[in-house]
Amino acid sequence: MGFKKRRERGKGLKYSLAAVLITMVAVSAVWLLMVKFEGRAPEIELDMSDSFIGADAAVSGTITDEKSGIRKLWIAVIQNDRETVLKEESDFSGTQQGPPRQRRFEVDLNAGKLDLKDGKALLRIAAWDHSWRGWFSGNQAYLEKEITIDTQPPRVEVISRQHNIRPGGSGLAVYRMSENCPEHGVVVGDHFFPGHKGYFDDPELAVCFFALAHDQDRDTKLHVQALDPAGNAGRGGFYYHIRNKSFDAEPLPVSDRFLSRILPEFQSEDGFPADAGALEQFLFVNRELRKKNNRTILAPGRSPDEQMHWQGGFSRLPNAARKASFADHRTYVYNGEKIDEQIHMGIDLASVSQAPVPAANAGKVAFVGRAGIYGNVVIIDHGFGLFSVYAHLSRSSVSEGQMVEKNDIIGGTGATGLAGGDHLHYGMFVHDVFVDPMEWWDSQWIQNNITGKLEHARELAKNN
Ligand SMILES: [Zn+2]
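Starting afresh in each chain, residues are numbered from 1 along the sequence in its written order. In view of the model being predicted, local features appear only for residues whose pLDDT reaches at least 70, and side-chain atom pairs are presented and counted only at 80 or more, with totals across whole chains, interfaces and linings using the full set of residues. Side-chain numbers here rest on the full set of heavy atoms in the structure, without hydrogens or water.

Our focus in this paragraph is the coordination of the zinc ion. Each metal site is built from N, O and S donor atoms within 2.8 Å (3.2 Å for Na, K and Ca), and since water is not included, such sites may look incomplete. Looking at the zinc ion, the protein donor atoms are His344 (NE2), Asp348 (OD) and His425 (ND1), and they sit 2.0 to 2.1 Å from it. Between the donor residues of the zinc ion, the gaps in sequence give the motif H-x3-D-x76-H. Considered together, His344 and Asp348 belong to a single accessibility category, that of buried residues. Under the scheme applied here, a residue whose accessible area is under 20% of the maximum for its type counts as buried, over 50% as exposed, and between as partly exposed, the area being computed with a 1.4 Å probe on protein chains only.

As structure tokens, then:
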């Protein structure tokens, strides 16, 4: 009995061992096939969104291999049957978790150093993983991309002449670029004003409305800048003259009566210090809220209409007295003490209460709504970056996207927002800089500085 039992037990042991062995072999086979002989090639992803390579460029991207990890990477550039290897790297030392699953790469592509000529070339990238497939050489990924090497900066020729500008003033430049540049415009100190094509038949002729901010001085440098698709920058100098301009200082008394009248309107604004005293609440409105509201007003300047809607001088609220000027330096005085200072970014005009407000010129309504200290606001896009702003309105009679003609009634004056009484705050801006509307109310100024330049450029283009 005992022997038999032992024999049976031994038999059972043999079967178990065989089963374990078979399982181990099967598992190993599956492991070899699934893991060591995995058939998924690495993925190559380039960071480039277009095919242009500038004078001193770099090519970068990511290699990913989820299964066995990256083993080798090879990058070359081919031009006129000549292959230049930019990178060859293998045996990526892995960590305890094995070879890297993802790897970033970046290679310099300096056309001069690599003796590459301007024109077409081919970028070739190959990557291998740690799979045992293909006699242990791994799965291979391969990527080819046609590139255009362009090391020449675009040439910029400024066509317009005599650019007279002053702080808070506007200007126009017309220029021609030697190639199709996706980005171009006028640099004014640390401001960039994008230019616009499409005004002239000549596709490389562009117009750019620019401005000198009220706080930029006579030492500000101006030039035209153009970036070609490969990122090469071209510059065009032009003659300009910056005139002096000083702005008025204006004391503004703040009374308790004024505060208790205006503050309730701002209770629901984000960040309003509800538990603070009236003075602190006023300072929040005059400082933080003003900054935020200025950003809201200037926001349409980032995507102006690519069309010049307006013609001739801009109109001014009729039968109205000017109560405050552009860039007035306001000192706020409370109980005989200076509590704040701000710059006034428009012109205040007072007529009769709820007077009808005409559109200063033709354009497209870009904004209708509330904007904190400015109350009810309408903004008109006149095209190519020029906008007009109508604030403190009691009502508006237009909607966003609507086209308006010069002198169409867009609303009525009021005292919404931070206003001492019924008036129109009329503002203008060029892209993202507030400018003095006085220039735009002056037909002679417009002829000398804007339309005259456009006519002159059109004549030159015709004769070319
Ligand atoms: Zn104002």
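Following the structure, the description resumes.
Here the focus is helix H4 (residues 278-298). Relative to the 30 Å expected for 21 residues at 1.5 Å per residue, H4 spans 29 Å between its end C-alpha atoms, a close match to the ideal helical length. To get the bend at a residue, fit one axis to the 7 residues ending there and another to the 7 starting there, then take the angle between the axes. In this description a helix means any DSSP run of H or I spanning at least four residues, a strand means any run of E spanning at least two, and both kinds are numbered starting from the N terminus. At Arg290, H4 is bent by approximately 40 degrees, the largest bend along its length. The complete set of buried residues in H4 reads Gln281, Phe282, Leu283, Phe284, Val285, Asn286, Leu289, Arg290, Asn293, Asn294, Ile297 and Leu298. A helix is expected to span 1.5 Å multiplied by its residue count minus one.

In this section: the sheet that holds strand E19 (residues 249-253). Strands belonging to one sheet form pairs held by backbone hydrogen bonds; the direction of such a pair is parallel or antiparallel. For two strands to be treated as a pair, DSSP must find no fewer than two bridges joining them. With mixed pairing, three strands are arranged side by side in an open sheet as E19-E21-E22. Edge positions in the sheet fall to E19 and strand E22 (337-344), since each of these pairs with one other strand and no more. Mean inter-strand twist for the sheet, computed between neighbouring axes without regard to direction, equals 25 degrees. Summarising the sheet, strand E21 (residues 328-334) and E22 pair through seven bridges and their orientation is antiparallel. Note on E22: the bridge partner recorded for Val333 is Lys338. When checking whether two residues touch, look at their non-hydrogen atoms; a contact exists if any pair is within 4.5 Å. Every angle, taken between N-to-C directions, lies between 0 and 180 degrees, and every axis is a line fitted to C-alpha atoms, over only the stretch in contact when it is a helix. Each of E21 and E22 touches H4; the most contacted strand, E22, lies at about 20 degrees to it.

Patch membership requires over 30% relative accessible area and the absence of a salt bridge. Like charges are linked within 9 Å, and nonpolar side chains (Val, Leu, Ile, Met, Phe, Trp, Tyr) within 5 Å. Accessible surface area values rest on a Shrake-Rupley calculation with a 1.4 Å probe, where residue burial reflects the displayed protein chains alone. Every case where a carboxyl oxygen of Asp or Glu lies within 4 Å of a side-chain nitrogen of Lys or Arg is listed as a salt bridge. Side chains of Val27, Val30, Trp31, Leu33, Met34 and Val35 sit close together on the surface and give an oily, nonpolar patch of about 610 Å² of accessible area. For Val27, the location among the structural elements is in helix H1 (residues 2-36). Judged by relative accessible area, Val27 falls into the exposed class, the value being 51%.

In the numbering used here, UniProt assigns the "domain: M23ase beta-sheet core" (unreviewed entry) feature to residues 343-437. Helix makes up 1% of residues 343-437 and strand 54%, whereas the separation of the span's terminal C-alpha atoms amounts to 15 Å. UniProt positions are given in the numbering used here, feature names are shortened, and annotations may be inferred rather than shown by experiment.

Our next topic: the UniProt feature "transmembrane region" (unreviewed entry) in the chain. In the numbering adopted here, UniProt assigns the feature "transmembrane region" (unreviewed entry) to residues 12-34. Measuring from the first to the last C-alpha atom of residues 12-34 gives 32 Å, for a span that is 100% helix and 0% strand.

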